[in-house]
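Summary of the model geometry
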Amino acid sequence: MSSPLNLSSVTADSLRASFLEFFRERDHSVVDSASLIPHDPSIMFTVAGMVPFKPYFVGDEVPPYSRAVSSQKCARAGGKHNDLDDVGRTKRHLVFFEMLGNFSFGDYFKSEIIPWSWELVTEGWGFDGDRLWITVHESDDEAEEIWHEQVGVPLDRIQRLGDKDNFWQMGDTGPCGPCSEIHIDRGPAFGPEGGPLTDPTGDRYMEFWNLVFMQFNQAEDGSRTPLPKPSVDTGAGLERILALLQGVDSVWETDLMAPLLDRACSLTGRTYRPGVYDDRDSFAMRVLAEHARSATMLVNDGVFPSNEGRGYVLRRILRRAVRYAFLLGTERLVMPELSAEAIKVMGGAYPDVARNADFITSVLGKEEERFRHTLKTGLGILDGELSDGGTLSGSTAFLLHDTYGFPLELTEEIAGERSVSVDLEGFTAEMQAQRERAKAARRDGAAGESMVEAYREVLERFGTTEFTGYVEDVSEARVLELLDVEGPDGEALVEVFLDRTPFYAEAGGQIGDTGTIVTTSGTLEVLDTTYALPNLRRHLARRVAGAVTAGESATASIDVSRRSAIRRNHTGTHVLHWALRSVLGEHVKQAGSHVGPDRLRFDFSHYAAVTAEEIAEIERLANSQTLSNNAVRAFETTKDEAESLGAIAFFGDKYGDVVRVLEAGSSVELCGGTHVRATGDIGTIKIVAESSIGSNLRRIEAVTGEASVALLQRDEALLAEVGSMVGATGGDVLEGVRRKLDEVKALNDELKALRSRLAAGRASEIAAAAVDGVVVDRVDVESPGDLRELALAVRQQGALRRVVLVGATATGGVALVSAVGPDAGVEAAALIRDAAKAVGGGGGGKGDVATAGGKDPSGIDEALRLAREAATA
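Residues numbered from 1 in each chain as written. Predicted model: local features only at pLDDT ≥ 70, side-chain atom pairs only at ≥ 80, totals over all residues. Heavy atoms only, no water.

Right, let's talk about the overall build of the chain for a bit. For the chain, the helix and strand inventory stands at 24 helices and 32 strands. If one aligns the C-alpha atoms of the chain with their principal axes, the spans along those axes are about 115 × 80 × 50 Å. Residues counted as buried form 50% of the 873 residues belonging to the chain. Long-range pairs, those at least 24 residues apart, make up 68% of the contacts in the chain between residues at least 6 apart in sequence. Summing over all exposed atoms, the chain offers an accessible surface of approximately 39400 Å²; the carbon and sulfur share of this is 49%. Once the 91 positive and 134 negative side-chain charges of the chain are each reduced to a mean point, those two points are 5 Å apart. (Helix = DSSP H or I, 4+ residues; strand = E, 2+ residues; numbered from the N terminus. Buried < 20%, exposed > 50% of the residue type's maximum accessible area, 1.4 Å probe, protein only. Contact = heavy atoms within 4.5 Å. Areas by Shrake-Rupley, 256 points an atom, 1.4 Å probe, with all protein chains shown as cover. Lys, Arg positive; Asp, Glu negative; His and termini not counted. Charge placed at Lys NZ, Arg CZ, Asp CG, Glu CD.)

Printed below as a string of structure tokens:
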């Protein structure tokens, strides 16, 4: 085996490398860590090392290797796997961590991995074999025999545990199997003797490597049958092993976390006490250190703070950290500097983190600034609610928790300082209601689950679909299967599966193809093409004529005109991505896209609105690429070679060891979509909209090709029509519009002056009817503004005390205005408050003038009566 670790200077990087190298020497393919954003929609984050390999284990995809090893980035926060609230309270819980793992896809099994794990642990990492304990499943005689007979572990250090501890399953059905875990005895200082069986917390007998033996398939009735090709999935927490090898009490003192703790102390002026878990300052330092690292890694992988999904979890992580800094009295921003420290620690293993340093710290800094304002607002609300003493309502505690990021314990702490209790039952009821809403939403989103088994049966019988669409618009194929389905409006449709197809299935933002499938017995109109399972394409179709049946030969034809437009927009998206990064910076990452025949939409990470000048430069750069008419080249190569060429991965696409690279002018990116042959085929690229779609997320919409020509023609026609309306043509249109606007302004000024003179005349008439300085009258007007001017003019006539005018407006509504003098003895708003309700409206104001509006002119007489009562009271 490779040289053992130098235990006197072991680091996270050397430990990670030793694990990968050990299994590389045993013919494992070293697989780079996948993103923290998984392709599996059932989980929020990548929570374990096996997640990227799940399609291989369940049989949806054929693995490109029989053995693999990885150090996988993982995050457990939100959803079923959630360690967020435990961070800082224990010696081992982290949101972000790395899982070392090796995997066998129907290759080796227990007799290989058990001795290998012992060899690496004892010879490679230098653990004392006499301190190691093994647990196996209560039914796994085979594993116990290998540990004892082949490895030599005494039977009194092998313990059997039940399903809860030593049996793994992916879900209610599917692959499953027993586990075997390796524990280390840390000594009597951490608890009594007796092995893992007597140590449920794992403080003395710490588990650090779990070997999962996938050897059964579980059916819906709970029965298990042996898998024809058993597999292996192991997981070992890098941080946990590192603490053991570096001889420290917890993950917090390792070289991964210690620099961050030091930085947290320097920023807050507080002291960290290792191993002390009831000290508030030390707890806060652990939260700051861990959450800064987690947030850094999440933002790097494309998660941005928002109010939903992953973005909301990231926001919670940040808020938790910032809240503790705030409570410690730290007024300066802490996250940018803590993140910079995390980047130093993690940048060696993950170079992209170092490359994105400026963007990551900018995102975290802006989010912290926003939350500090939110935090002050939340504390203001809490102060107001606590001023009356008694009990703080559960709904208020929930509002603070859900909207302002106040955990219940913080609300309880602040309330307790003022001898105020919190309605915990009410808070729990609000939380439960929220969970029920989320549960209902999950049920609503599971409508298509019943079809999965049917798709898997198609895959098992016929294999994956051969895609011919890169080179063919029409392909001869065979109909493999048809499944009747119901469309969104109840229409009877059919899902068609072919052995080969030119239809592109929606992926990477490009929408699916449409067209026809024709056999000798019938015709189907294809409405959409998507993936039923990886590489299994389904054609959603409407029966047009006859009855197509499985087994028939078919001619599959795409809508060529539509595909051509999609090609232009898809290649245009790549060119725009390059132009965006050139103008705005390399922090720009795609966060989603939609490529259709009529336009393209591109979502990307950026922390500010794109200015008009920047949009103009982006358009200029993008169109310089189309004008150069460079050949567009798509080719397959290894992922490593693609990265060496500078290829950028597109959001939403999944890549194996062999990837498809697209070169379009200066743009070099990974993409499996369909594209034009030369950049000139795109035509003119014109940006038509730019907007915000969330915190630090922008959206650009653009058109290309014929759509750009149509847009130009529309704008020219519009300009010509405007010119005709203002009596100008060509380059004189702008001057003509300015001239007309000047004329309109002059007419408005003249009209305003006339209305003022008219109001003065009417004011004298209305004021003459005053009784004891009070006037209430009906005056119908063009607009509420006219009525307000009239009311003020009336008040000035004879120094009236109280004036109320009510009238219908030209738009069919009702306007009310009240004006009072200095000796009125009442605010103006009080005079029309009830009157406004009589006409179905409301309004208000402060001091001597108030206005209101309504929608019901039939109530004017009643409004006048109520206004007279108020004005003469």
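Still to come is the rest of the account.
Further remarks concern helix H24 (residues 860-872). Under the 1.5 Å per step criterion, the end-to-end length of H24 is 18 Å for 13 residues, consistent within 8% with the ideal 18 Å. By the burial criterion, the buried members of H24 are Ile860, Ala863, Leu864, Leu866, Ala867 and Ala871. (Expected span 1.5 Å × (residues − 1).)

Here four strands make up an open sheet; going across it, the order is E22-E24-E25-E23 and the pairing mixed. The open sheet terminates on both sides in strands that have one partner only, identified here as strand E22 (632-638) and strand E23 (648-649). Both E22 and strand E24 (residues 658-664) contribute to a ladder of seven bridges, which runs antiparallel. Bridge pairing in E24 links Thr638 to Val658. In the packing of helix H17 (residues 560-584) onto the sheet, contacts are made with E22, E23, E24 and strand E25 (667-670), and the angle to E25 comes to roughly 115°. (Pairing = 2+ DSSP bridges. Axes fitted to C-alpha atoms, helices over the stretch in contact; angles between N-to-C directions.)

Let us look at the packing of aromatic side chains. Taken as a whole, this structure holds 28 aromatic pairs when the rule is applied. Positioned above the aromatic ring of Phe22 is the side chain of Arg26, whose terminal nitrogen or guanidinium carbon lies 3.6 Å from the ring centre. Just above the ring of Tyr470 sits the side chain of Arg660; from NZ or CZ to the centre is 3.5 Å. (Phe/Tyr/Trp six-rings, centres within 6.5 Å; stacked < 30°, edge-to-face > 60°. Lys NZ or Arg CZ within 6 Å of the ring centre and 35° of its normal.)

Let's shift gears to the sheet that holds strand E18 (residues 536-546). The strands that make up a sheet pair up through hydrogen bonds in the backbone, lying either parallel or antiparallel. Spatially, six strands are ordered E13-E14-E18-E17-E16-E19 in a closed barrel, and the strand pairing comes out antiparallel. Between one strand axis and the next, the sheet turns by 45° as a mean value, whatever way the strands run. Sheet strands in contact with helix H16 (residues 452-462) are strand E13 (474-486), strand E14 (492-498), strand E17 (522-533) and E18, and its direction is about 150° off that of E13.

Our next topic: the nonpolar core. The biggest cluster of nonpolar side chains holds 136 residues, and the ones touching the most others in it are Phe127, Trp147, Phe208 and Trp209. It is helix H8 (residues 280-300) that contributes the most residues to this core, eleven residues altogether. Of all hydrophobic cores here, the second largest spans 24 residues; its members include Leu816, Leu831, Ile860 and Leu866. (Core = buried A, V, L, I, M, F, W, Y, C linked by side-chain atoms within 4.5 Å.)

Note that Arg26 resides in the loop between helix H1 (12-24) and strand E1 (29-30). Taking the relative accessible area as the measure of exposure, Arg26 reaches 12% and is therefore buried. Looking at Arg26, its side chain comes within polar contact range of the main-chain oxygen of Phe22, at 2.7 Å. (Polar contact = N/O pair within 3.5 Å; in protein donor to acceptor, adjacent residues only side chain to side chain.)

This part is about the pairing of E14. Where burial is concerned, most of E14 is hidden: six out of the seven residues are buried. With seven bridges connecting them, E13 and E14 associate as antiparallel partners. Of the residues in E14, the one forming a bridge with Val485 is Leu493. Sheet analysis places E14 next to E18, joined by three bridges and oriented antiparallel. Opposite Val494, over in E18, you have Ala541 as the bridge partner.

In this model, Asn535 sits at a positive phi of 65°, which is unusual for a non-glycine residue. Residue position: Asn535 is located in the loop between E17 and E18. Using a relative accessible area of 40% as the deciding quantity, one classes Asn535 as partly exposed. The backbone of Asn629 shows a phi angle near 55°, a positive value even though the residue is not glycine.

In this fold, Asp86 is placed in the loop between strand E2 (67-75) and strand E3 (96-104). Since its relative accessible area comes to 32%, Asp86 is described here as partly exposed. Taking the C-alpha atoms as reference points, Asp86 and Phe604, separated by 518 residues in sequence, lie 33 Å from one another.

Orientation of H8 relative to helix H12 (residues 357-386), taken along the N-to-C sense of each, is 115°, at an axis distance of 10 Å. H8 and H12 meet at a crossing whose hand is right-handed. Two secondary-structure elements touch here, H8 through Ala295, Thr296, Val299 and Asn300 and H12 through Phe359, Ile360, Val363 and Leu364. (Left-handed = near helix turned anticlockwise from the far one by under 90°.)

Let us now look at the side chain of Ser71. With respect to the helices and strands, Ser71 occurs in strand E2. A polar side-chain atom of Ser71 sits 3.3 Å from a polar atom in the side chain of Glu98. Leaving out residues up to four positions away in the same chain, Ser71 has contacts with Arg16, Leu20, Ser33, Glu98, Met99, Leu100, Leu238 and Tyr350.

Attention shifts here to the pairing of strand E5 (residues 158-161). Taken together, the four bridges between strand E4 (residues 132-137) and E5 define a ladder with parallel strand orientation. Within E5, the residue paired with Thr135 across the bridge is Gln159. Handedness of the crossover is the feature at issue here: the chain leaves E4, passes through helix H4 (residues 141-151), returns alongside E5, and the resulting connection is right-handed. (Right-handed = clockwise from strand over helix to strand, strands pointing away.)

Let us look at helix H9 (residues 309-327). With 19 residues, H9 should cover 27 Å at 1.5 Å per step; its first-to-last C-alpha distance of 27 Å lies within 8% of that length. Positioned one or two residues after H9, Gly329 has a phi angle of 85°, which is positive.

Summed over the entire model, instances satisfying the criterion amount to 47 salt bridges. Across the pair Asp130 and Arg157 runs a salt bridge, and its minimum N-O distance is 3.7 Å. Taken together, the residues span a long stretch of sequence, with Asp130 in the loop between helix H3 (110-124) and E4 and Arg157 in the loop between H4 and E5 at a distance of 27 residues. Among the residues examined, Asp130 registers a relative accessible area of 60% and is labelled exposed. (Salt bridge = Lys/Arg side-chain N within 4 Å of Asp/Glu carboxyl O.)

What follows deals with the environment of Ile184. Mapped onto the elements, Ile184 comes out in strand E7 (residues 174-185). We classify Ile184 as buried; its relative accessible area is 1%. As for Ile184 and Asn300, which are separated by 116 residues in sequence, their C-alpha atoms are 35 Å apart. Excluding residues within four positions of it along the chain, Ile184 makes contact with Phe127, Arg131, Leu132, Arg204, Tyr205, Met206, Phe208 and Leu244.

One can describe the packing of H8 onto helix H10 (residues 335-346) by two numbers: an axis separation of 8 Å at closest approach and a directional angle of 70°. It follows that H8 is roughly perpendicular to H10 by the angle criterion. Where H8 approaches H10, its residues Leu288, His291, Ala292, Arg293, Thr296 and Met297 are matched on the opposing element by Met335, Leu338, Ser339, Ala342, Ile343 and Met346. By residue class, the composition of the contact of H8 with H10 is eight nonpolar, three polar and one charged. (Parallel < 35°, antiparallel > 145°, perpendicular 65-115°, else oblique. Nonpolar A, V, L, I, M, F, W, Y, C, P; charged D, E, K, R; others polar.)

There is a patch of like negative charges on the surface, built from Asp32, Asp640, Glu641, Glu643 and Asp657. On the secondary structure map, Asp640 appears in helix H19 (residues 639-644). The class of Asp640 is exposed, set by a relative accessible area of 57%. (Patch = residues over 30% accessible without salt bridge, like charges linked within 9 Å, V, L, I, M, F, W, Y side chains within 5 Å.)

The next point concerns the confidence of the model for the chain. Residues with a pLDDT of 70 or more make up 94% of the chain, whose mean pLDDT is 87. With pLDDT under 50 throughout, residues 441-447 is counted as low confidence; its partners more than four residues away or in other chains account for zero contacts. (pLDDT = per-residue confidence, 0-100.)

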